[in-house]
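In case you want the letters, here they are:
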Amino acid sequence: MIKVGVGKGLPAGRSRRAPCRKRCRSFHSRTRPWLFLPGQPLGHIKLGRHPQAAKGNTIINSRSFLRPLKNYWNHWKSRKAGSDFIHTIKPKNGNIMLSKTYSYALNGIDSYLVTIEVDCSRGLPATIIVGLPDNTLKESKERVRAAIKNSGHKFPISRSTINLSPADTKKEGPSFDLPIALGILASSEQISPQRLNEYAILGELSLDGKVKPVKGALSIALSMDKNRFKGLLLPSANAPEAAIADVMDVYPVDSLNQVIHFLSDPESIRPFKTDPSLLTSQPDDEELDFADVKGLSHVKRGLEVCAAGAHNCLLMGSPGTGKSLVLRRLNSIVPKMSREEILETTRIYSAMGLVKSKTGMVTQRPFRAPHHTTSDVALVGGGSNPRPGEVTLAHNGILFLDELPEFNRNALEALRQPLEDKHVTIARASKTMQFPANFMFVAAMNPCPCGFFTDPKRECRCSSWQIQRYISKVSGPLLDRIDIHLDVPPLPPAELLSNTRGETSAQIKERTIKAREIQKKRFAGTSITVNAQLNHRQLKEYCPLSPECRGLLKQAIEELNFSARAHDKIIKIARTVSDLAGSKRILPEHIAEAIQYRSLDRSWWG
């Protein structure tokens, strides 16, 4: 804004040019008019066309200021003598104004609203971004500058201040490029700001003005307020995943100019609609099939129980016995995800930028198999700005740790709480975040460093101290949280060379689906869906035991010295075995089979 005032002081000198004397005749008595321009020093004005007529002072050559100045002078003369009169003039075609756009930022896997304020004022040309931006966000001013110019618009030569509110929360990522560019164009009056407050805007800009995809589109769409915004403007590549939320209209855009045209004509882009059938059409993975695994019938049975009740599992055996082979096929017999599970899983992968499918959805259950060099932060999540780890990426799916004792001891111990609570809480000095971690934990390990301690045909060269040290890398508390333990012996040559095929994954999957349906009906109206999630109080309600079952379980606890947690695990497994058998009651044979799956911790860690 331009401030013009009249106050006490020596009268301004007369100009030697006649037109100026005539025009400014009324301003040269008793007072001294002055003008303040932001970004320039305060100076007294002399109205004239020739710059030398007012050397050392602020010069106005525009006639549009003469009439307002004269009116202000006449108004000042009518006031009490000795008082000052100050008023503000806004030029007709000035570029000094404030604009606001709205976007969203990620906080872990959640999102929150960010107001982007852009102020273009007079001063030394500079672009300043405030509001705790990270390095990627600080560099956005260069991307925005090039995108605006290459899109046929002018980047204002002014002092541009960009504020990201709330200012006390750290922002990161390039998703603010598009709303910042629109705010600059609106602040410099190159576009109308009329509809900027009606839409939330996301998008990274390339130097040619194209809009690139961003992270967290689904998480943002789920958290948007219907009463505040009419829709969400975001890159076309993110439209499928954002449309899954079905919260409000999603408008896909490809360039900065397309967004500008949309703001002037909202009918130019139609909202993106997703096909609801995509949530139910989940193709099976035909490459990994249980029919390819020869022998190991008891291992397949144990994994069937594991898939039916979402239990954790550990396989131990010599190298080459098929531990990893069979565990990598576990996902082929686990029932498909429900619509709620698809939304939960896609939301996590969207926040991490890991959605790869063209449909924008994660329809297959996650199967995460991190390397044994993975750190504890990468496994459970964390960092200065906390991010989800592998346990969260395996939510509603499977986490497979091959060569379990080779993992860092701290990383393995960090798994205790997620296995018990089904979530991870990351606490920092500034904030605390909670990430979901409801996954099936499966692992494989050798019995000793060389791997041949239990092999009947190969000699183990490890000492007893080496074996004990190797086994102790997996602590007893962690082993106690694993429901099913299976010993995998070497495959006999006759079974290895046979051409017979076992049951296919589709056949086993039919039984696990039926068992899951039984559990779903049983736990209707509660917060759990599978037997593995039963707590101690719910065990008494849903898993009553007959006197025969109690006697068998008591004998096993006394002889094998099971812990209280192992006692609950046995009952949960027995409940799953009875569901697979179609029995409404837990029978003694179900308890006996469940006890067989808990003998590994007593024989090796006892």
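Details of the structure are given in the entry above.
This structure is a prediction, so every number in the text was calculated from the model and none was measured. (Residues numbered from 1 in each chain as written. Predicted model: local features only at pLDDT ≥ 70, side-chain atom pairs only at ≥ 80, totals over all residues. Heavy atoms only, no water.)

Draft legend 1. Spatial organisation of the side chain of Ser151. With respect to the element layout, Ser151 can be found in the loop between α4 (140–150) and β10 (159–165). For Ser151, a relative accessible area of 12% corresponds to the buried category. (Helix = DSSP H or I, 4+ residues; strand = E, 2+ residues; numbered from the N terminus. Buried < 20%, exposed > 50% of the residue type's maximum accessible area, 1.4 Å probe, protein only.)

Draft legend 2. Looking closely at the packing of aromatic side chains. This model, assessed by the stated rule, comprises 7 aromatic pairs. With a centroid separation of 5.1 Å and 85° between ring planes, the pair formed by Phe523 and Tyr542 is classed as edge-to-face. With Phe523 in the loop between α19 (505–522) and α20 (536–542) and Tyr542 in helix α20, the pair connects residues that are 19 residues apart, well separated along the chain. Considered together, Phe523 and Tyr542 belong to a single accessibility category, that of buried residues. (Phe/Tyr/Trp six-rings, centres within 6.5 Å; stacked < 30°, edge-to-face > 60°.)

Draft legend 3. Geometry of the sheet that holds strand β24 (residues 484–488). Ordered in space as β17-β20-β23-β16-β24, the 5 strands form an open sheet in which the pairing is parallel. If you trace the sheet from one side to the other, it starts and ends with β17 (367–368) and β24, each paired once. (Pairing = 2+ DSSP bridges.)

Draft legend 4. How the structure looks around the packing of helix α9 (residues 297–309) against α19. The geometry of α9 relative to α19 is characterised by a closest axis approach of 8 Å and an angle of 40° between their N-to-C directions. For α9 against α19, the interelement crossing comes out right-handed. Two secondary-structure elements touch here, α9 through Glu304, Ala307, Ala308 and Gly309 and α19 through Ile508, Arg511, Thr512, Ala515, Arg516 and Gln519. Residue composition of the contact of α9 with α19, grouped by class: 4 nonpolar, 3 polar and 3 charged. (Axes fitted to C-alpha atoms, helices over the stretch in contact; angles between N-to-C directions. Left-handed = near helix turned anticlockwise from the far one by under 90°. Contact = heavy atoms within 4.5 Å. Nonpolar A, V, L, I, M, F, W, Y, C, P; charged D, E, K, R; others polar.)

Draft legend 5. How the structure looks around the state of the cysteines. One pass over the structure, following the stated rule, counts 0 disulfides. The closest cysteine sulfur to the non-disulfide-bonded Cys313 is located on Cys306, 5.1 Å from its own sulfur. Not part of a disulfide, Cys462 finds its nearest cysteine sulfur in Cys450, a span of 3.5 Å. Relative accessible area serves as the criterion here: at 16%, Cys462 is assigned to the buried category. (Disulfide = S-S within 2.5 Å.)

Draft legend 6. Structural view of the pairing of strand β8 (residues 110–121). Sheet analysis places strand β7 (residues 97–107) next to β8, joined by 11 bridges and oriented antiparallel. What sits directly across from Tyr104, in β8, is Leu113. Hairpin connection of β7 to β8: 2 residues between the antiparallel strands, including Gly108 at a positive phi of 75°.

Draft legend 7. Spatial organisation of the layout of surface pockets. Space inside the largest pocket adds up to approximately 770 Å³. Lining of the largest pocket is provided by 26 residues; of these, Ser338, Glu341, Arg365, Arg516 and Thr529 occupy positions nearest its centre. When contributions to the lining of the largest pocket are tallied by element, the ones reaching two or more residues are α11 (339–351) and α19. For the lining of the largest pocket, the leading source of residues is α19, giving 4 residues. Classifying every residue of the lining of the largest pocket gives 10 nonpolar, 7 polar and 9 charged. Roughly 610 Å³ of internal volume is contained in the second largest pocket. Contributing to the lining of the second largest pocket are 39 residues, with Leu106, Val214, Lys215, Gly216 and Ala351 lying nearest its centre. (1 Å grid on protein atoms, 1.4 Å probe; cavity = no way out; pocket = protein on both sides within 12 Å on 5 of 7 lines; lining within 4 Å. Points joined across faces, edges and corners; volume = space filled by probe spheres on them.)

Draft legend 8. Main features of helix α23 (residues 588–596). Buried within α23 we find His590, Ile591, Glu593, Ala594 and Ile595. Against α9, α21 (547–560) and α22 (564–580) lie the buried residues of α23.

Draft legend 9. Inspection of the environment of Asp289 at higher detail. Its place among the elements puts Asp289 in the loop between α8 (256–264) and α9. The class for Asp289 is buried, based on a relative accessible area of 17%. Through-space distance from the C-alpha of Asp289 to that of Leu330 is 8.9 Å; in sequence the pair is 41 residues apart. If near-sequence neighbours (up to four positions away) are discounted, Asp289 is found in contact with Arg329, Glu503, Thr504 and Ser505.

Draft legend 10. Local environment of α4. Taken together, the buried positions of α4 are Ser140, Arg143, Val144, Ala147 and Ile148. Each buried residue of α4 sits inside an arc of 125° when the element is viewed along its axis, so together they form one side. In α4, the exposed positions angled more than 90 degrees off the buried face are occupied by Lys149 and Asn150. Looking at the buried residues of α4, the elements they touch are β9 (126–130), α3 (135–138), α5 (177–187), β12 (204–205) and α8. (Arc of directions from axis to C-beta.)

Draft legend 11. Main features of the side chain of Glu241. Mapped onto the elements of the fold, Glu241 is located in helix α7 (residues 239–243). For the buried residue Glu241, which engages in no salt bridge, the nearest side chain bearing the opposite charge is Lys356, 10 Å off. Dropping the residues within four chain positions of it, Glu241 is found in contact with Ala217, Leu218, Ser350, Val355, Thr359 and Gly360. (Lys, Arg positive; Asp, Glu negative; His and termini not counted. Salt bridge = Lys/Arg side-chain N within 4 Å of Asp/Glu carboxyl O.)

Function cannot be read off these values alone, since they describe shape.
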